[in-house]
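If you want the building blocks of each chain, they are given just below.
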Amino acid sequence: QVQLVESGGGLVQPGGSLRLSCSASGSIFSINNMGWYRQAPGKQRELVAVIASGGSTNYADSVKGRFTLSRDNAANTVYLQMTSLKPEDTAVYYCNVVARANAWRGPRDYWGQGTQVTVSS
């Protein structure tokens, strides 16, 4: 089983910055994609950014140029640096990892518990 621990959420003023971290631990054979999704009140969960094991990234259009996703493969950790935050970035942010727990099972999705990001003056 793979466990995810998130940190870094909080309250920030518009234009401010936050850095989210998500570390994977437990029974990990390999990790494919790592990324973040978010869900605002009354809205569906949406992709924010994802990074493949080789380092290629994909961002939602709404965060391009403001958010940067990176990963430390040795530490099984993914980071989301968020800058120029806007009120519409307010949401619960969920870490997502696609991983294999052992060699005889295929990859599956694992989710963090979510961390609140609130952008408000």
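Report on the accompanying structure. Only a predicted model underlies this, so the values are computations on that prediction, with no experimental measurement involved. (Residues numbered from 1 in each chain as written. Predicted model: local features only at pLDDT ≥ 70, side-chain atom pairs only at ≥ 80, totals over all residues. Heavy atoms only, no water.)

Another point: the overall build of the chain. When its secondary structure is counted, the chain shows zero helices and eleven strands. Here the C-alpha atoms of the chain give a radius of gyration of 14 Å, agreeing with the 14 Å that 2.2 N^0.38 yields for 121 residues. Reported as C-alpha extents along the three principal axes, the dimensions of the chain are approximately 50 × 25 × 20 Å. Burial analysis of the chain (121 residues in total) assigns 40% to the buried set. (Helix = DSSP H or I, 4+ residues; strand = E, 2+ residues; numbered from the N terminus. Rg over C-alpha atoms; globule rule 2.2 N^0.38 Å. Buried < 20%, exposed > 50% of the residue type's maximum accessible area, 1.4 Å probe, protein only.)

According to the stated counting rule, one finds one aromatic pair in the structure shown. For the ring pair Y37 and W111, a centre distance of 5.1 Å and an interplane angle of 65 degrees mean the geometry is edge-to-face. Residue Y37 is located in strand β4 (residues 30-39), and its partner W111 is located in strand β10 (residues 108-111); the two are separated by 74 residues in the primary sequence. Since its relative accessible area comes to 25%, Y37 is described here as partly exposed. Judged by its relative accessible area of 38%, W111 is partly exposed. (Phe/Tyr/Trp six-rings, centres within 6.5 Å; stacked < 30°, edge-to-face > 60°.)

Looking at the secondary structure, you find N96 in strand β9 (residues 91-100). Within the structure, the side chain of N96 is placed 3.0 Å from the side chain of D109, a separation counted as a polar contact. Contact partners of N96, with chain neighbours within four places excluded, come to N33, M34, G35, Y37, D109, Y110 and W111. (Polar contact = N/O pair within 3.5 Å; in protein donor to acceptor, adjacent residues only side chain to side chain. Contact = heavy atoms within 4.5 Å.)

For the coordinates displayed, the defined rule picks out one disulfide. Here C22 connects covalently by a disulfide to C95, the sulfurs 2.0 Å from one another. Measuring the twist about the S-S bond at about -80 degrees, one finds the C22-C95 disulfide to be left-handed. Placement of C22 in strand β3 (residues 18-26) and of C95 in strand β9 is noted, with a sequence separation of 73 residues between them. Residue C22 is classed as buried on the basis of its relative accessible area of 0%. (Disulfide = S-S within 2.5 Å.)

Moving on: the pattern of salt bridges. This model, assessed by the stated rule, comprises four salt bridges. With a shortest N-O distance of 2.7 Å, R38 and E46 are connected by a salt bridge. For R38, a relative accessible area of 6% puts it in the buried group. Among the residues examined, E46 registers a relative accessible area of 36% and is labelled partly exposed. Among the charged side chains, a salt-bridge network with shared partners connects R38, E46, R66 and D89. (Salt bridge = Lys/Arg side-chain N within 4 Å of Asp/Glu carboxyl O.)

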